[in-house]
Amino acid sequence: MRYIYLVTHPEAQHHVDGIVGGWHDSELTTRGRLQAERIADVLASRIGSQPVEVYSSDLRRASQAAERIAGRFSVEVHTDPRLRERSNGEADGRPQSWLDERRIPLPEYGDRLGHHDGPAGAETRMALVERLYPALDDILRQPVATQIVVSHGSASSYLIAAWIGMPMTSTDRVFFPLTSGSITTLRRNDTHHSHQVLALNETEHLQAV
């Protein structure tokens with residue numbers, strides 16, 4: 001069996017400031033750091049003394065959470081910029097209202113993956129998928145059977161799609177709404193080689209923070 005614990009980073013400063021995230025490199029808030037400790041508690045109780053690897057987006061709000069989790073297992077964090085959130089280009093770091101006024105709505109039909117939202121330099125969803133799928137493939141090539149991946153909301157949604165084997169071109173309508181600080185548990189069943197989603201968007205551990 002292989003287990004992957006997919007963690008969406010907890011509360012970051014851009015959340016409370018109403019700032020567009022994306023590649024804007026905000027840090028965890030005090031509450032976000034406490035949430036990261038609770039995530040570490042949950043994962044430590046489930047994984048125990050088994051060998052584990054920790055992977056993370058290189059943006060601070062993800063890597064700061066990953067460092068707290070990895071510290072519980074006395075392992076290093078492997079950062080990978082491919083695990084970043086989708087870039088909003090020139091909108092990143094600006095007020096959310098600035099982006100809302102300029103965003104070109106995603107069409108219901110047509111080339112949804114290639115759709116450009118409007119801000120200069122923004123990634124399309126296809127560009128996001130094309131970096132996330134290989135990133136997960138590289139993680140799965142490692143022999144350690146228990147892995148923790150810390151990423152972002154939209155990015156994590158497409159990582160789940162990659163896990164269940166959805167073709168890139170079929171992700172134009174898929175989206176798993178994931179809460180900041182949530183844990184999603186993925187398992188490979190070696191008996192019939194299935195990729196399972198055991199638990200999606202767990203947030204009970206955040207209630208006391």
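Quick note: structure is the one above.
Residues numbered from 1 in each chain as written. Predicted model: local features only at pLDDT ≥ 70, side-chain atom pairs only at ≥ 80, totals over all residues. Heavy atoms only, no water.

### A look at unusual backbone geometry
Look at Ser-74: it is not a glycine, yet its phi comes out positive at around 55°. The exposure class assigned to Ser-74 is exposed, which follows from its relative accessible area of 69%. Of note, the phi angle at Asn-201 is positive, near 60°, even though the residue is not glycine. Of note, Asn-201 is situated in strand β6 (residues 194–202). (Buried < 20%, exposed > 50% of the residue type's maximum accessible area, 1.4 Å probe, protein only. Helix = DSSP H or I, 4+ residues; strand = E, 2+ residues; numbered from the N terminus.)

### Observations concerning a nonpolar patch on the surface
A surface patch of nonpolar side chains, about 230 Å² in accessible area, is lined by Ile-164, Val-197 and Leu-200. With respect to the helices and strands, the residue Ile-164 is situated in the loop between α6 (153–163) and β5 (183–189). For Ile-164, a relative accessible area of 39% gives the class partly exposed. (Patch = residues over 30% accessible without salt bridge, like charges linked within 9 Å, V, L, I, M, F, W, Y side chains within 5 Å. Areas by Shrake-Rupley, 256 points an atom, 1.4 Å probe, with all protein chains shown as cover. Salt bridge = Lys/Arg side-chain N within 4 Å of Asp/Glu carboxyl O.)

### What about the packing of aromatic side chains?
For any pair of aromatic rings, the description consists of the separation of the ring centres together with the inter-plane angle of the planes. For the structure on display, the rule yields one aromatic pair. With 6.3 Å between their ring centres and 10° between their planes, Tyr-3 and Tyr-5 make a pair best called stacked. Geometry around Trp-23 places Arg-84 over its ring, the cationic atom sitting 4.8 Å from the centre. One Lys or Arg, Arg-94, reaches over the ring of Trp-98 and ends 4.2 Å from the middle of that ring. (Phe/Tyr/Trp six-rings, centres within 6.5 Å; stacked < 30°, edge-to-face > 60°. Lys NZ or Arg CZ within 6 Å of the ring centre and 35° of its normal.)

### Comments concerning helix α5 (residues 125–140)
Helix length check: α5 (16 residues) gives 22 Å between terminal C-alpha atoms against 22 Å at 1.5 Å per residue, within 8%. Taken residue by residue, α5 has Arg-125, Met-126, Leu-128, Val-129, Arg-131, Leu-132, Tyr-133, Ala-135, Leu-136 and Ile-139 as its buried positions. Buried-residue contacts for α5 involve β1 (2–8), β2 (53–56), β4 (146–151) and α6. (Expected span 1.5 Å × (residues − 1). Contact = heavy atoms within 4.5 Å.)

### As for the sheet that holds β1
Reading across the sheet, the six strands line up as β3-β2-β4-β1-β5-β6 and stay open at both edges, with mixed pairing between neighbours. The open sheet is flanked by β3 (77–79) and β6, the only strands paired with a single partner. Strand after strand, the sheet turns through a mean of 20° between neighbouring axes, direction not considered. Both β1 and β5 contribute to a ladder of six bridges, which runs antiparallel. Counterpart to Tyr-5 in the pairing with β5 is Thr-185. Against the sheet, helix α3 (residues 60–73) makes contact with β2, β3 and β4, and its axis sits at roughly 155° relative to β4, the strand it touches most. (Pairing = 2+ DSSP bridges. Axes fitted to C-alpha atoms, helices over the stretch in contact; angles between N-to-C directions.)

### Here's the deal with the pattern of salt bridges
Counted under the stated rule, the structure contains 17 salt bridges. A salt bridge links Arg-68 to Glu-37; the nearest nitrogen and oxygen atoms lie 3.7 Å apart. Taken together, the residues Arg-68 in helix α3 and Glu-37 in helix α2 (residues 30–47) connect sequence positions 31 residues apart. With relative accessibility at 28%, the residue Arg-68 sits in the partly exposed group. Connected through salt bridges with shared partners, the residues Glu-37, Arg-38, Asp-41, Arg-68 and Arg-72 form a single ionic network.

### Side note on α6
The element α6 is largely enclosed, with a buried count of nine among its eleven residues. Looking at α6, one finds that the buried residues are Ala-155, Ser-156, Ser-157, Tyr-158, Leu-159, Ile-160, Ala-161, Ala-162 and Trp-163. Contacts from the buried residues of α6 go to β1, α5, β4, β5 and β6. In the segment just after α6, Gly-165 is the residue with positive phi, at about 80°.

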